[in-house]
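Structural characterization, general
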Amino acid sequence: MDDWPIIAVRYGLFVDLGLLFGMALFGLYGMRGADRDGRTSIPIRPLLLALASVGAMLSGFGFGLQAAGMAGTSFTDVDQATLIMLLSGTALGWALLTRLVALSGVLICAPAIARRPVAALLPASLLSGVAVATLAWSGHGAATEGMAGWIHLLSDILHLLAAAAWLGALFVLLLLVMRDRATADIEQVRATRHALAGFSTMGTIIVALLVATGLVNGAFLVGADHIQTLPATPYGQLLIAKLILFGAMLGLAALNRFCLTPALEVALDQSTPQVALALLRRSLAVEAGLALLIFGLVAWLGTLAPPVAGI
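Here the structure is a predicted model, which is why all the values come from computation and not from measurement.

The rules we used
Residues numbered from 1 in each chain as written. Predicted model: local features only at pLDDT ≥ 70, side-chain atom pairs only at ≥ 80, totals over all residues. Heavy atoms only, no water. Core = buried A, V, L, I, M, F, W, Y, C linked by side-chain atoms within 4.5 Å. Buried < 20%, exposed > 50% of the residue type's maximum accessible area, 1.4 Å probe, protein only. Helix = DSSP H or I, 4+ residues; strand = E, 2+ residues; numbered from the N terminus. Contact = heavy atoms within 4.5 Å. pLDDT = per-residue confidence, 0-100. Phe/Tyr/Trp six-rings, centres within 6.5 Å; stacked < 30°, edge-to-face > 60°. Axes fitted to C-alpha atoms, helices over the stretch in contact; angles between N-to-C directions. Parallel < 35°, antiparallel > 145°, perpendicular 65-115°, else oblique. Left-handed = near helix turned anticlockwise from the far one by under 90°.

**Here we look at the nonpolar core**
Membership of the largest hydrophobic core comes to 83 residues, with the highest contact counts inside it found for L17, L20, F26, L48, W166 and L173. Listing elements by their share of this core, those giving two or more residues are α1 (4-29), α3 (44-71), α5 (91-109), α6 (117-133), α7 (146-183), α8 (186-221), α9 (234-269) and α10 (274-301). The dominant element in this core, judged by the number of residues it contributes, is α7, at 17 residues. Excluding residues within four positions of it along the chain, L48 makes contact with L20, M23, A24, V106, A110, I113 and L121. Of all hydrophobic cores here, the second largest spans 7 residues; its members include F63, A67, A68 and L86.

**A few points about the confidence of the model for the protein chain**
In the predicted model, the protein chain carries a mean pLDDT of 89, and 93% of its residues have values of at least 70. Of all helices and strands in the protein chain, the one with the weakest mean pLDDT is helix α2 (residues 33-36) (56), whereas α5 scores best (96).

**Considerations on the packing of aromatic side chains**
This structure, assessed with the given rule, holds 5 aromatic pairs. With a centroid separation of 5.1 Å and an interplanar angle of 55°, the aromatic rings of W4 and W300 are classed as tilted. One end of the pair, W4, is in helix α1; the other, W300, is in helix α10, and 296 residues separate them in sequence. Judged by its relative accessible area of 40%, W4 falls in the partly exposed class. Residue class for W300 comes out partly exposed when judged on its relative accessible area of 29%. Through a chain of ring-to-ring contacts, three or more aromatic side chains come together here, namely F26, Y29 and F199.

**A look at the packing of α3 against α5**
One way to put it is that α3 packs onto α5 with a least axis distance of 9 Å and a crossing angle of 165°. Judged by the angle between their axes, α3 and α5 are roughly antiparallel. The hand of the α3/α5 crossing is left-handed. Touching L48, L49, A52, S53, G55, A56, S59, G60, F63, Q66 and M70 of α3 are L92, G93, L96, R99, L100, L103, V106 and L107, all from α5.

**A look at the environment of G236**
Its location among the elements puts G236 in helix α9. Classification of G236 by relative accessible area gives buried; the value is 0%. Note: C-alpha distance between G236 and L122 (114 residues apart in sequence) is 38 Å.

Written out as structure tokens, the structure is:
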């Protein structure tokens, strides 16, 4: 299947830029100074630097693959004139240039996290959010025409940002609980509890955004007339699988918020958090694994024709 290289790069970009935005944003609302600036074992500064660098490289490679597909030639045979034309004359090219500028900004801001965490994380979050938003121009949201197209594109961008915020938060929380297993330090466990509490409100906002924008995108790409025929199409089968995985993530998120996090608080009061941490660690690991599977399905769905004609 010729689309697999493009799907693989799309998946890499979704995960990389999703982690970049989600981790930077989580550093603002869910972490305290010691964890933001890297004096503890949460290496948020080097992680942001690495993710921004990889994102820039994947973006260039992915653009080359798309240019080869448009030109009907192999990746190595794409000529310079074609690349310049696509960069300067298409929305896809301008999205790439915008993303590269945003990622360069993240690379400039991230080193300052050690000295001024909030002042550096704020622009890094905004710039990485711009980088995530540019991914919408390589999906179905950019294909709808007219005023409806702008509504669809905005919904697609918000959907991507919400998904990225959830992914990044999950991996920061995983790093925190893994760190606590290694040290068994009560104060670090309390920092983890604080991070979980910080995510509780944001998690509600993220889920609300995902559901609302998912419904809008579904109206554009599927429509009420095609719901019954979804299981008969490759696009519909992947979409149904995505929704099932999303439902499982919601169940685990509810378990974490209403059962496992309160259990950790009780265990902390008794200075015996090990069992509660182990349960939370497993739940977060499964939830993060489901998120990665969903991102893979999204990367694949973007290469398939949706039921609604004209997209």
